[in-house]
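Topology and contacts: notes
Okay, here's what each chain looks like letter by letter:
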Amino acid sequence: MSRNGLLRGGLFFASLISFPFLTTSQWLTNMFIFTLMYVALSSSWNLVGGYAGYPSLGHAAFFGFGAYFTAIVFQNSVGNGWPPFIFLPVVGIVAALLSIPIGYVAMKTRADVFAIVTITVLFMAQSLAFNLHAVTGGAQGKGVAVPPFDSSTYGRPFYFAMLALVALAMGSSMYFRQSKIGLSLSAIRSDEDKAHGVGVQVTKVKVVAFALSVGLTAMVGGIWAYYEGFVYPQFAVDPLITIGMVLMTFLGGRATLWGPVLGAFILVPAQQYLSYQLGANQFYLLAYAGIFLVTMLILPRGILPTISDKLRLKKKQKEALA
Amino acid sequence: MTSNTPLLSLTEVTAGYGAGLVLKGVNLTVERGQIVCVIGPNGSGKSTVLKTVSGLLGVKSGSVRFNGEEISELTSRRRLDLGIVHVPQDRSLFPGMSVHENMMMGAFILTDHKLIAERMERAAELFPIVKVRANALAGSLSGGEQKQVEVARSLMLDPALILLDEPSIGLDPKSRKLVFESVKALAEDGRTILLVEQNARSGLAVSSMGAVLEAGKVALTGRGSDLLDDPEVARLYLGVKAK
């Protein structure tokens, strides 16, 4: 990693670590928790949708899995409040293992067919969440025990847990960029048959990326369920969660480290603001779509890659003139 | 194996697709450090010769020996391990990846980072484009530049034999010049190359030996310069009118 990159990362995390100590505003903390949630989600989605070029629309199924898993285990007691956080790696590992056969089958298809297969997984998961009453509580939902955290700083543990997952997702993303697995995924995205031809173990690499991506997504779902205190199927296995991850990644820039971060930091506050201004009638989704469409028309590859392309072109023109 | 053993020899090789035969008893020898150019009309089996050597196509009969060892039954991956690298006719770079990443893909089966860095450096010495355009997307390069990177990438495995399949096909004159300069650079580096080329004049000009393939058989062999002077070859493949 370059010195500039280290500096950028250090500044980013230092400011996020200090943020909760600088404000006591509940709504601001709440907004940041959701922003970090989507940073972690879109960075995780980017591992498979960005680097490998497999646009999964089924990630919310695993988000819901993490949410229900946490809710079921901690429905009666959360002890001193910390066990659900400590339990998160189990949630991630179980979701990742569960995803291996799904990924193996789904990734035999490509592009739009893969998107359709994965969205089918999402609707199957949603249907199960609604109908497996004994496990999920059906439409009545499933409650999680309330932690004994101080009410004035109630959001802080959730904030830091989300931040830890942001670090994990961005760390994975950075590792992908610098390792052979990242190179393999880029090759797969560029031309899967050629990648196979030069010795890339295509199926293995894709399934590993998918498992890691959904494992992280499930962990985020676990924290979300704990923070919300109640898991309803229409919110836990919600296509809008997947759409959010996809839009944020596309907006900031696919297959980049900072693209999903930027996308989340633009869209989540915008969504919260619009939702506040326009009420709970979901009209905010129209404005949300409008922002996205305009940005995609002006910056089709996402904000960061378009800016970096323009800077590179400018530099080239300058060199040519010199 | 003795030092006199040719690096590659094909003896009475027959091969084809389905029931039909494209190669009908090809005999060809490539010595170490030579550039051998195979010319011939369309459909004579030039590319098929390369495919039988790299293992992309199995032989039906005959023998393919590399360093004295029979390789006709080996998989293409095993032949790659022996040092036979095939640069196909179609564009084989990853267009969405940078030049540097494409070079790294050429060394994908290697694990020694130091060795990879050394070979990258060596390839960049021969083909400066590898360094100059390292961050450019391969898809944004011209056809000739892409071919140069493909050839440079083949060096990442330090091949004993490079199979070049019509490297100048579909390129404009300027790009073609770049490609043949690349072949010359490889020759000066002491590489052994089996080159298949539609552009007979340029192909033979950079080659030490040439072979004319007709209807699946080698009809004529000789030094590249001798074939260029051969009136029959000139009439058939170089576009020179018979006197």
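The notes below deal with the structure included here.

1. Focus: helix α5 (residues 88–106) of chain A
Residues and elements named next belong to chain A. For α5, spanning 19 residues, the distance from its first C-alpha to its last is 26 Å, which sits close to the expected 27 Å at 1.5 Å a residue. A bend of about 35° at Ile100 is the largest found in α5, and the proline Pro101 appears one to four places after it. Burial in α5 covers these residues: Leu88, Val91, Gly92, Ala95, Ala96, Ser99, Gly103 and Ala106. The secondary structure elements touched by the buried residues of α5 are α3 (59–73), α4 (83–86), α6 (111–131) and α11 (202–228).

2. Digging into the layout of surface pockets
Considering only enclosed or pocket space, the second largest pocket measures out at about 900 Å³ in volume. Looking at the second largest pocket, it is lined by 31 residues, and the ones nearest its centre are Gly197 and Val198 of chain A together with Leu56, His86 and Pro88 of chain B. Elements with a contribution of two residues or more to the lining of the second largest pocket: α10 (192–197) of chain A together with α1 (46–54), α2 (76–82), β6 (84–87), α3 (99–106) and α6 (143–154) of chain B. Grouping the constituent residues of the lining of the second largest pocket by class yields eleven nonpolar, eleven polar and nine charged.

3. Describing the side chain of Thr192 of chain B
Following the sequence through the fold, Thr192 of chain B ends up in the loop between α7 (173–188) and β8 (193–196). Within the structure, Thr192 of chain B has its side chain in polar contact with the backbone nitrogen of Gly33 of chain B (distance 2.8 Å).

4. Some details on the packing of aromatic side chains
Scanning the model with the defined rule gives 29 aromatic pairs over all chains in all. Measuring from ring centre to ring centre gives 6.2 Å for Phe32 of chain A and Phe265 of chain A, while their planes differ by 70°; the resulting arrangement is edge-to-face. On the criterion of sequence distance, the pair formed by Phe32 of chain A in helix α2 (residues 26–51) and Phe265 of chain A in helix α14 (residues 259–278) is long-range, its members being 233 residues apart. Taking relative accessible area as the criterion, Phe32 of chain A reaches 17% and is therefore assigned buried. A residue is classified by how much of its surface remains accessible, and Phe265 of chain A, at 27% relative accessible area, is partly exposed. Lying over the aromatic face of Phe108 of chain B, Lys180 of chain A brings its terminal NZ or CZ to 4.9 Å of the ring centre.

5. Things to note about the interface of chain A and chain B
In this assembly, 14 residues from chain A lie in contact with 16 residues from chain B. Counting the surface lost from both chain A and chain B, the interface buries some 1,200 Å², and carbon and sulfur atoms represent 65% of this. Inspection of the chain A/chain B interface yields zero salt bridges. Inspection of the chain A/chain B interface yields five residue pairs in polar contact (both at pLDDT 80 or more).

6. What to know about the sheet that holds β6 of chain B
Residue and element names in this part refer to chain B. Strand order across the open sheet formed by six strands is β6-β7-β8-β3-β9-β10, with mixed pairing between neighbours. Looking at which strands have only one partner, the edges of the open sheet turn out to be β6 and β10 (217–223). Direction aside, neighbouring strands of the sheet carry axes that sit 15° apart on average. Here strand β3 (residues 35–39) runs beside strand β9 (residues 209–214); their pairing, made up of four bridges, is parallel. Note that in β9 the partner of Ile39 across the bridge is Val212.

7. Examining the environment of Leu227 of chain B
Residues and elements named next belong to chain B. Structurally, the position occupied by Leu227 is in helix α9 (residues 224–229). You can call Leu227 buried: its relative accessible area is 3%. Each C-alpha atom, one on Leu227 and one on Lys131, is 37 Å from the other, the two residues being 96 residues apart in sequence. Dropping the residues within four chain positions of it, Leu227 is found in contact with Leu204, Gly210, Ala211, Val212, Leu220, Thr221, Gly222 and Val233.

Definitions and cut-offs
- Residues numbered from 1 in each chain as written.
- Chains lettered and ligands numbered in written order.
- Predicted model: local features only at pLDDT ≥ 70, side-chain atom pairs only at ≥ 80, totals over all residues.
- Heavy atoms only, no water.
- Helix = DSSP H or I, 4+ residues; strand = E, 2+ residues; numbered from the N terminus.
- Expected span 1.5 Å × (residues − 1).
- Bend = angle between axes of the 7 residues up to and from the residue.
- Buried < 20%, exposed > 50% of the residue type's maximum accessible area, 1.4 Å probe, protein only.
- Contact = heavy atoms within 4.5 Å.
- 1 Å grid on protein atoms, 1.4 Å probe; cavity = no way out; pocket = protein on both sides within 12 Å on 5 of 7 lines; lining within 4 Å.
- Points joined across faces, edges and corners; volume = space filled by probe spheres on them.
- Nonpolar A, V, L, I, M, F, W, Y, C, P; charged D, E, K, R; others polar.
- Polar contact = N/O pair within 3.5 Å; in protein donor to acceptor, adjacent residues only side chain to side chain.
- Phe/Tyr/Trp six-rings, centres within 6.5 Å; stacked < 30°, edge-to-face > 60°.
- Lys NZ or Arg CZ within 6 Å of the ring centre and 35° of its normal.
- Buried area = accessible area lost by both parts, 1.4 Å probe.
- Salt bridge = Lys/Arg side-chain N within 4 Å of Asp/Glu carboxyl O.
- Pairing = 2+ DSSP bridges.
- Axes fitted to C-alpha atoms, helices over the stretch in contact; angles between N-to-C directions.

Scope: geometric values only; no functional claims are made or implied.
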